[in-house]
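Report on the structure
Spelled out from the first residue to the last, the chains are:
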Amino acid sequence: MSQDYLLKTEPSEYSFADLVRDAATEWEGVSNPAAVKNLREMSSGARLIIYETGARKSAVGTATVVSVDASDPKVPVVKIKAGKPIAKPWSLAQIKADKLFADSPLVREGRLSVVPLTRPQYKALTGD
């Protein structure tokens, strides 16, 4: 089970800047069964990459899972807290071009809004 995930968001709906402003939020609006399954599998302390879709199409910041309530398996409630901006955001083109992501659901299942990451993928995106 992964402890690193990428969460996609449309910045006109809720951006990484909004998360930083709010400090924490409940991650909502996920309906794809595979994405919901990924949310259910999260646990407190999981590391997150926030990826903005739309015109930006880039991994822009980090966050951490605070808590997960999966008592309703169809609508798990995942509370996250803001981390820091990624110093050098990764564009979708850069991600697709990097062989590290060749087998990633991020590349293979483009519409998936909650994507598990390997530790090397997380490290590459954050520069840590």
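Presented here is an overview of the structure given in this document.

**Some points on the environment of L19**
Note on placement: L19 falls in helix α1 (residues 16-22). Note on L19: relative accessible area 1%, which makes it buried. For the pair L19 and G83, spaced 64 residues apart in sequence, the C-alpha to C-alpha distance is 8.9 Å. Setting aside residues no more than four positions away along its own chain, L19 makes contact with Y14, A24, T25, I50, A63, I80 and A82.

**A word on the side chain of T25**
As for its placement among the helices and strands, T25 is situated in strand β2 (residues 24-27). On the basis of relative accessible area, T25 is assigned to the buried category, the value being 18%.

**Description of the side chain of S104**
Looking at the element boundaries, S104 is found in the loop between α3 (92-97) and α4 (105-108). Classification of S104 as buried rests on a relative accessible area of 2%. Filtering out sequence-adjacent residues up to four positions away, S104 remains in contact with V115 and Q121.

**Observations regarding the sheet that holds strand β1 (residues 4-9)**
Overall, mixed pairing links the 6 strands, which are arranged β2-β5-β4-β3-β1-β6 in an open sheet. A strand with exactly one partner marks an edge of an open sheet, and here the two such strands are β2 and β6 (114-117). The average undirected angle you get between the axes of adjacent strands in this sheet is 40 degrees. Of the pairings in the sheet, the one linking β2 to strand β5 (residues 77-91) comprises 4 bridges and is antiparallel in character. Residue pairing across strands places A24 opposite K81, the latter belonging to β5. Sheet strands in contact with helix α2 (residues 33-41) are β1, β2, β4 (58-69), β5 and β6, and its direction is about 55 degrees off that of β6.

**Re helix α5 (residues 119-126)**
Of all the positions in α5, only Q121, Y122, L125 and T126 are classed as buried. The buried residues of α5 all sit within an arc of 120 degrees when viewed along its axis, so they share a single face. If you follow the buried residues of α5, they end up packed against β1, β3 (47-52), β4, β5, α3 and β6. Phi for G127, located one or two positions after α5, is positive at around 80 degrees.

Thresholds applied
Residues numbered from 1 in each chain as written. Predicted model: local features only at pLDDT ≥ 70, side-chain atom pairs only at ≥ 80, totals over all residues. Heavy atoms only, no water. Helix = DSSP H or I, 4+ residues; strand = E, 2+ residues; numbered from the N terminus. Buried < 20%, exposed > 50% of the residue type's maximum accessible area, 1.4 Å probe, protein only. Contact = heavy atoms within 4.5 Å. Pairing = 2+ DSSP bridges. Axes fitted to C-alpha atoms, helices over the stretch in contact; angles between N-to-C directions. Arc of directions from axis to C-beta.

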